[in-house]
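Listed below, chain by chain, are the residues.
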Amino acid sequence: MTKTILISGASSGIGLAIANKLAQCHHNLILCGRRAELLKKHADNLRLNSTSKIHELNFDIRNYNECEKAIHSLPDDFTNIDVLINNAGLALGLDFIQDGKLEDWETMIDTNIKGLLYITRIISQKMIANKNGHIINIGSTAGKETYPKGNVYCATKFAVDALSKSIRQDLYLHNIRVSQVCPGHVEETEFAINRFDGDKTKANIYSDFNPLKAKDIADIIDFIISCPPHVTIQDIVVAGTQQASATLIDRSGRRFD
Ligand code: NDP
Ligand code: 8X3
């Protein structure tokens, strides 16, 4: 069945891979992100290569008014959102707590926690009115297990973990499903280059083992939304086979390629 699906953070990485997968599955998509040109390029590509209806929304998820204005601007075809995928998020820096940059902390908290809350508040109101909906949060293994210097990023993902459970408790009586996917390292994303502020040497964290690919997460999302209405996948924790925990990674070379 064709669904209308809003994906935050669809301009790159995991969000873009989800958009590609769900367009192949004939769903109608609302692609969100701040980089308008990039989003338009991806949207045009999907329009060319799929039968899905595609709409782009450019806004900063950290600003509640911008979120509200963007969602309220949706054309009629897209207003009944069946699935919300809260994917936009980032890590900035990898520092001991005493060295952390306040600006990085604010950005991570504002994006990963408050941005997710803003979008969820706005869209859940319509889902409640429709008595139908599915919210999928992209958490992280960093939301299950801390690691040295992960401090604030881990805290934001622990918050996503808590919100995934608590929002489910708020919304299940309204026929709204809430799921979470918690990946370990995922390549084919801008995650590491953003975390290390464009430093390619520091961001080179995937070359000596085989991590997940963005497409792997997209396949999991497709599975979650394809489950029959009486089934909710509550939580999936997934990592590459060479990654056993946040810090236990077999970096002896890429296997399984
Ligand atoms: P990317 O950097 O490739 O994607 C992040 C996306 O978030 C971009 O599309 C970006 O769009 C969007 N975004 C960031 N800030 C904002 C903002 N203020 N307003 C609106 N959109 C914003 O990284 P990933 O694909 O890896 O990240 C996606 C999610 O996956 C994140 O929540 C991340 O924490 C999580 N994750 C990533 C892992 C990894 O190893 N890569 C592992 C586990 C979880 P734009 O810049 O255009 O606004
Ligand atoms: C991204 C995975 O381990 O870099 O959420 O925090 S990790």
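Please refer to the structure higher up on the page.
Residues numbered from 1 in each chain as written. Chains lettered and ligands numbered in written order. Predicted model: local features only at pLDDT ≥ 70, side-chain atom pairs only at ≥ 80, totals over all residues. Heavy atoms only, no water.

A. Fine view of the pattern of salt bridges. The final tally for this structure, using the stated rule, is 17 salt bridges. Between E190 and R35 there is a salt bridge whose closest N-O contact spans 3.0 Å. Separated by 155 residues along the polypeptide, E190 in the loop between β7 (186-187) and α6 (191-195) and R35 in the loop between β2 (28-33) and α2 (36-49) bring together distant segments of the chain. For E190, a relative accessible area of 27% gives the class partly exposed. A salt bridge links D257 to R254; its shortest N-O distance comes to 2.9 Å. (Salt bridge = Lys/Arg side-chain N within 4 Å of Asp/Glu carboxyl O. Helix = DSSP H or I, 4+ residues; strand = E, 2+ residues; numbered from the N terminus. Buried < 20%, exposed > 50% of the residue type's maximum accessible area, 1.4 Å probe, protein only.)

B. Quick peek at the site of ligand 2. Taken together, S140, A142, Y147, Y153, H185, F191 and R195 make up all the residues around ligand 2. Y153 places a side-chain nitrogen or oxygen 2.6 Å from an oxygen atom of ligand 2. Here ligand 2 has 240 Å² of accessible area as a free molecule, and 92% of this is covered by the chains. Grouping the amino acids of the shell around ligand 2 by side-chain chemistry returns 4 nonpolar, 2 polar and 1 charged. (Near = heavy atom within 4 Å. Polar contact = N/O pair within 3.5 Å; in protein donor to acceptor, adjacent residues only side chain to side chain. Areas by Shrake-Rupley, 256 points an atom, 1.4 Å probe, with all protein chains shown as cover. Nonpolar A, V, L, I, M, F, W, Y, C, P; charged D, E, K, R; others polar.)

C. Local environment of helix α3 (residues 64-72). C67, A70 and I71 are the residues of α3 that are buried. All buried residues of α3 fall inside an arc of 95° around its axis, so they share one side. Along α3, the residues that are exposed and aim more than 90 degrees away from the buried face are N65, K69 and H72. A distance of 3.0 Å separates the backbone nitrogen of N65 from a side-chain oxygen at the start of α3, and that oxygen is part of N63. (Arc of directions from axis to C-beta.)

Keep in mind these numbers describe shape, not what the thing actually does.
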